[in-house]
Amino acid sequence: MKYSIVFISLVLAFSSCVKEELPIPKHDPGDVITNSVNMGSTYKWQVYFSLKNNTVVGENLKTNWDLGFESSSTGYRIILNSSKVMYAANTNQTDFGLVTDTTGFGINKKFDSPTGNMEYTAIGDWRLIPNQVYLIDRGYNELGTHQGFRKIVFQHVDENSYSIRFSQLNGSGETTLQVSKDSTYNFTFFSFSTSTTVLVEPPKEDWDIVFSQYLEELSTPYLVTGCLLNRYKTIAKADSITAFNSINYDFALSQLLSSNINVIGYDWKEYNFTTSSYQVFPNKIYIIQDQNGYYYKLHFIDFYSNSGIKGNPKFEFQRL
């Protein structure tokens, strides 16, 4: 009996020292929101959207820029504006004046990987052999007019800026320019039309997705119209099996997401030749984790405005 009393006393004493478990708070999702963006019927606009704020935070004509220079202090990579069907080719020539035409361009040209993988850009690591001349095909505007060629040398990069030299193929308009870095942005953008840097993307922490045309690698490089991720800490996954209403926070946590910027891409719609219109597939759901760690689900429900104009993606999304 004495031992029973001692045991009970010990149990009670231990229990009084253990903190009471706190219930895990329920994860309350946000409302299902419907919104749309206007790319124009010729898809001339690139439109940047913030899921957190449910708003367009920037837009620009796709013809406003040609090259994007990686803006981090250690960055050196350079991207093409694939919305214009741009290509680049290394001439393997270091004498700027000797490059005067596009001989060999067709068999040597490359385009940036549509996944956004910076190891597979058309220009590549230009630092390996300094001062090589690259040919740049500036692609086409939204009306299909070719924008011409330029030649360019990427001369130097450090933590603050790039140095470039460029001109027309015949040497006219030769310019040397310093392209400054700003780590607030993913890239510093440059236009051959103005021979200056231009403001394109919003600051990298202000947006999640961009609606744009881009080159996709199908049986041949093909210009498509779709939705791309912000390269800055934004990841996603497509799901064509689970219903939109069934995807919750726990489900999102269990998924392996990708940093490929074309995870959402273009194939949430398809052109129907019978009806001569685009058909949208709302069963294609996209789980997105933004740069702050929040999860969203999103799907498209239309590609036309209320007046029947294409180039107006309409979508539903919800913070999980």
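Scroll up to find the structure this text is about.
Residues numbered from 1 in each chain as written. Predicted model: local features only at pLDDT ≥ 70, side-chain atom pairs only at ≥ 80, totals over all residues. Heavy atoms only, no water.

**Q** Tell me about the packing of aromatic side chains, and name the residues and values.
**A** The tally for this structure, following the rule as stated, stands at 28 aromatic pairs. Judged by centre distance (6.4 Å) and plane angle (55°), the rings of Tyr 296 and Phe 317 are tilted. One end of the pair, Tyr 296, is in strand β19 (residues 295-304); the other, Phe 317, is in strand β20 (residues 310-319), and 21 residues separate them in sequence. Summarising the burial analysis for this pair, Tyr 296 and Phe 317 share the class buried. One residue, Lys 109, lies across the ring of Tyr 87, its end atom 4.2 Å from the ring centre. (Phe/Tyr/Trp six-rings, centres within 6.5 Å; stacked < 30°, edge-to-face > 60°. Helix = DSSP H or I, 4+ residues; strand = E, 2+ residues; numbered from the N terminus. Buried < 20%, exposed > 50% of the residue type's maximum accessible area, 1.4 Å probe, protein only. Lys NZ or Arg CZ within 6 Å of the ring centre and 35° of its normal.)

**Q** Tell me about unusual backbone geometry, and please be specific about residues and values.
**A** Across residues other than glycine, the phi torsion is negative in most instances, and most of the peptide bonds are trans. The phi angle at Ser 195 is positive, at roughly 55°, despite the residue not being glycine. Note that Ser 195 resides in the loop between β11 (187-191) and β12 (196-198). Phi at Ser 276 is positive, roughly 55°, even though this residue is not glycine. Examined against the element boundaries, Ser 276 turns out to sit in the loop between β16 (269-272) and β17 (277-280).

**Q** Please give an account of the nonpolar core that cites residues and values.
**A** Counting residues in hydrophobic clusters, the biggest one holds 37 residues, and the most contacted among them are Ile 209, Phe 211, Ile 264, Leu 298 and Phe 300. When residues of this core are traced back to their parent elements, those giving at least two are β2 (45-50), β11, β13 (209-217), β14 (221-229), β18 (285-289), β19 and β20. For this core, the element with the highest residue contribution is β19, accounting for five residues. Tyr 76, Ile 78, Tyr 162 and Leu 177 belong to the second-largest nonpolar core, a separate cluster that totals 22 residues. (Core = buried A, V, L, I, M, F, W, Y, C linked by side-chain atoms within 4.5 Å.)

**Q** So what's going on with the pattern of salt bridges? Residues and values would help.
**A** Pairing is possible between side chains that carry opposite charge, provided their charged atoms lie close to one another. Scanning all chains against the criterion turns up seven salt bridges. Residue Asp 66 pairs with Lys 84 through a salt bridge whose shortest N-O separation is 2.6 Å. In this pair, Asp 66 sits in the loop between β3 (55-61) and β4 (67-70) while Lys 84 sits in the loop between β5 (78-80) and β6 (87-90), placing the two residues 18 residues apart along the sequence. Asp 66 sits in the buried class, given a relative accessible area of 0%. A salt bridge links Asp 66 to Arg 138, with the shortest nitrogen-to-oxygen separation between them at 3.1 Å. With Asp 66 in the loop between β3 and β4 and Arg 138 in the loop between β7 (133-137) and β8 (149-157), this residue pair connects regions lying 72 residues apart in the sequence. Salt bridges sharing partners connect three or more residues here, namely Asp 66, Lys 84 and Arg 138. (Salt bridge = Lys/Arg side-chain N within 4 Å of Asp/Glu carboxyl O.)

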